[in-house]
Amino acid sequence: MRGGPTWGGGLLLAALAGGFPGRGAQDPGSAPASVPVERCLECHAGAARDVASGAHAALENRCTGCHGGNPSSFDERRAHTGKFRAVPLSACAACHEAEAEAFAGGPHGVAFETKAIRGCVECHSFHAVPRPDHALLRSSCRICHETNAPEIVESGRQTADDLDRLESALAAAARALDEAERRARIVRREREGLEADRLGLLALLPKQHAMDLEPFRSDVAALRARAESTGARAAALLEETGRRRRWAWLVGALVAANALAILWRRRTLLAARPHP
Amino acid sequence: MPLADWLDRRTGWRSLAARARADLSRPVPRHVNALFALGTVAGTFLAVQVATGVLLLFHYRASADAAHGSLEALLSEVPSGWFVRSLHAWGAHLFVATLLLHMARVFVYGGYKRPRELTWILGSVLLLLGLGFAFTGSVLPWDQRAYWATTVGTRMAEAAPLVGEELLRLVRGGEEVGEATLGRMFALHVAVLPLALLPVLGAHLWLVRRLGVSTLEDADVEERVGHARLCEGGEPFFPHHVLQEAFVANLALGLLFLLAILAPAGLGPRADPLETPPGVRPEWYFLPVYQLQKYMPRSLLGIEGNTLGFLASIPPVLLLLALPFLDRSPARAPSRRKGAMALGLLVLGLGGALGVLGYLSNRTVQAFGRTFVFDDRGFPERAAGPATEPR
Ligand code: HEM
């Protein structure tokens, strides 16, 4: 997913991008990395602040990394030349390749082609890109579909609910495994399974971006069933551990009874002893 | 009983038993109390270690690749495997603790004095062997804690003067803790140390029987009047005193079982030589020695600090072994041995303090609504504001 442009198929993205450099790579069209981007900030300080507050705060190639342009110029017109892109969809695709590809191949790709929507930013917002979460599926769909297709809004909402349920199943299973481990149970395999399920969810994201929501939801449901069975296994381990602890009472009682028997025997022996 | 008769005609066991019984019913001194059962408790724990150790051997694989997995399987698949392992793990702690208590009992009652010097020396060797068992056993689970505690523990060999590096390589079987380390620790733990312990323990117990438990009379009085006469009027060793010992051993076993059930031994993540987990430190019984190293000056008279630390841990061992010859006064009653009692308390206090400092070192502790960060030496670095979430 990360790295240079490797997407295939005559996707419209590729056409638009015209060979966009991936993270860290240098776009020959834009200035070398050593040139500070501070000059962009002369006008776009707010955008920079937004970036710093979002999920991309840690990215190294700042303004020019996504937008291209000529950061060594103070002149507005000259600064915005040199493969400048106002809405750099291709920049998103450089890292989120599979999602972008799925997006372009789905119904939203058509809307994008006809310029009805602006691409990723339409749902994920601009510089202050939030960490994606399920809430997006509740809020974004209605931007366009509230009146023309309420069933789409509904389907987005249900998908968000499914994802919430999956998240809480994963979290509950992780908590139960932690608890079992605290009680000295071996849960390595269960943990590995849970980790695989988490990665499985990430692998499903392209499907979601193709807006193929029905198969996506059934895959999410399958993951949830797996997470729930891991949680149930951890709960069973805990339950069994609880039963073991009840043994402690039995052992305690046996020890006490034996101790009393020994003491009793000793007392009778001592009582029978002639006093010196 | 025809079978008993049949056996007696061939072995003569009846007269043997009669003689043993007569010997065993010799009285013990009158001051003998429950503390005198601590030796038996140590023996009981040792028996548990042998029994559970053999059961663990049925499943344990001594190789860096397989050790951790074999214990995982033991804990998750073998019926009651968790219980056997927990008994062995807790038994090790209790065994060492009991040895120290038994030693303290003997020290307080002057049991190491004439003519029981050899009993004490053999006992000291048993203590060293016991610590050897604990050290060699701690690497066997091959989890992160085992690996890194052994890395820290074996590093002490490096501080030996002149041959430090060679010694370290000898102990580890290479530059780093690895397959070879596990192999030699395993061999020591299950073959060499048991074979070494057995004759020493046998001699220890034989001397205990031969000389009898020491009286509270001065050593020269005991020699002059005779042990047997001083014990007149005491209760017979068998069955009276044995029942008292059985009572204490029964409680000790109960404690071991409860600990093993209520706080079973866990297994950390598999050893990873590339990732040092935080808070690595030796077991509690090695903490004082470990902590002592940290207070050594960087160098003194051209001797490096680490070497000083190594050298500093030799005199205590020699002192332990030679105690009966260093303290030659005949007095046994603690009330007339103020100096010895003070020395004992000093050693106890120093060891305890070093242990506590070692426990606290490099730790963040929340207490009294504040956060205390302890540095490498175990001193609080800063008492920072109100308690925050532990990291
Ligand atoms: C495997 C470890 C050990 C076992 C099983 C063991 C067992 C015993 C037993 C059963 C006794 C009879 C009296 C009593 O229990 O107090 C005894 C006495 C004695 N032990 Fe140990 N012992 C062990 C380790 C030690 C150690 C570590 C020391 C001291 C360094 C020690 C020093 C002595 C001495 C001097 C006596 C004679 C005490 C007297 O007569 O008052 N033993 N031992």
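Source: prediction; values computed, not measured.

Draft legend 1. Structural context of the domain arrangement of chain A. Residue and element names in this part refer to chain A. Each assigned domain of chain A is listed with its residue range as follows: domain 1 (23-131) and domain 2 (150-247). Taking only C-alpha atoms into account, the centre of domain 1 sits 35 Å from that of domain 2. When domain 1 packs against domain 2, close to 540 Å² is buried across both sides, 70% of that on carbon and sulfur atoms. In terms of surface lost to domain 2, no three residues of domain 1 exceed Glu99, Ala102 and His108, which account for 60% of the buried area on that side.

Draft legend 2. Fine view of the state of the cysteines. Residues and elements named next belong to chain A. With the rule as written, the count across this model stands at 0 disulfides over all chains. Here Cys40 is not cross-linked by a disulfide; its sulfur's nearest cysteine counterpart is in Cys63, at 4.1 Å. Cys40 sits in the buried class, given a relative accessible area of 16%. Since its relative accessible area comes to 24%, Cys63 is described here as partly exposed.

Draft legend 3. Quick peek at the coordination of the iron atom of the ligand. Residues and elements named next belong to chain B. Taken together, His102 (NE2) and His204 (NE2) make up the protein donors of the iron atom of the ligand, found 2.0 to 2.2 Å from the metal. Metal-centred angles of 85 to 179 degrees between the 6 donor atoms at the iron atom of the ligand mark the site as octahedral. Of the two residues, His102 sits in helix H5 (residues 81-108) while His204 sits in helix H9 (residues 179-211), which places them 102 residues apart along the sequence. By the burial criterion, His102 is buried, and His204 matches it.

Draft legend 4. Molecular detail of the pattern of salt bridges. Under the criterion given, the structure shown has 38 salt bridges over all chains. The salt bridge involving Arg217(A) is made with Glu214(A); its shortest N-O contact spans 3.9 Å. A residue pair is termed a helical-turn pair when its members lie 3 or 4 positions apart in one helix, as Arg217(A) and Glu214(A) do in helix H13 (residues 213-272) at 3 residues. Taking relative accessible area as the criterion, Arg217(A) reaches 18% and is therefore assigned buried. For Glu214(A), a relative accessible area of 52% puts it in the exposed group. Across the pair Arg26(B) and Asp23(B) runs a salt bridge whose closest N-O atoms are separated by 2.7 Å. When its relative accessible area of 34% is taken as the criterion, Arg26(B) is described as partly exposed. By relative accessible area, Asp23(B) is classed as partly exposed at 33%. Among the charged side chains, a salt-bridge network with shared partners connects Arg138(A), Glu154(A), Arg157(A), Asp161(A) and Asp164(A).

Draft legend 5. Region of the structure containing the site of the ligand. Residues and elements named next belong to chain B. Within the structure, the ligand sits among 25 residues, and Phe36, His102, Arg105, His204 and Ser214 are positioned closest to it. At a separation of 2.7 Å, an oxygen atom of the ligand approaches a polar side-chain atom of Ser214. Classifying every residue of the shell around the ligand gives 12 nonpolar, 11 polar and 2 charged.

Draft legend 6. Here's a closer look at the side chain of Gln49(B). Residues and elements named next belong to chain B. Checked against the element boundaries, Gln49 lands in helix H3 (residues 38-59). Under the relative-accessibility criterion, Gln49 is labelled buried at 12%. Setting aside its immediate chain neighbours within four residues, Gln49 contacts Leu87, His88, Gly91 and Ala92.

Draft legend 7. Here's a closer look at the packing of H5(B) against helix H12 (residues 237-262) of chain B. Residues and elements named next belong to chain B. Orientation of H5 relative to H12, taken along the N-to-C sense of each, is 125 degrees, at an axis distance of 8 Å. The orientation of H5 with respect to H12, classified from their angle, is oblique. Along this stretch, H5 crosses H12, giving a crossing that reads as right-handed. Residues Trp82, Phe83, Ser86, Leu87, Trp90, Gly91 and Leu94 of H5 pack against Leu255, Leu256, Phe257, Leu259, Ala260 and Ile261 of H12. Considering only residue class, the contact of H5 with H12 consists of 11 nonpolar, 2 polar and no charged.

Analysis parameters
- Residues numbered from 1 in each chain as written.
- Chains lettered and ligands numbered in written order.
- Predicted model: local features only at pLDDT ≥ 70, side-chain atom pairs only at ≥ 80, totals over all residues.
- Heavy atoms only, no water.
- Domains from an automatic or database assignment.
- Buried area = accessible area lost by both parts, 1.4 Å probe.
- Disulfide = S-S within 2.5 Å.
- Buried < 20%, exposed > 50% of the residue type's maximum accessible area, 1.4 Å probe, protein only.
- Donors = N, O, S within 2.8 Å, 3.2 Å for Na, K, Ca; no water.
- Tetrahedral: all angles 85-135°; square planar, octahedral: opposite > 155°, others 65-115°.
- Helix = DSSP H or I, 4+ residues; strand = E, 2+ residues; numbered from the N terminus.
- Salt bridge = Lys/Arg side-chain N within 4 Å of Asp/Glu carboxyl O.
- Near = heavy atom within 4 Å.
- Polar contact = N/O pair within 3.5 Å; in protein donor to acceptor, adjacent residues only side chain to side chain.
- Nonpolar A, V, L, I, M, F, W, Y, C, P; charged D, E, K, R; others polar.
- Contact = heavy atoms within 4.5 Å.
- Axes fitted to C-alpha atoms, helices over the stretch in contact; angles between N-to-C directions.
- Parallel < 35°, antiparallel > 145°, perpendicular 65-115°, else oblique.
- Left-handed = near helix turned anticlockwise from the far one by under 90°.

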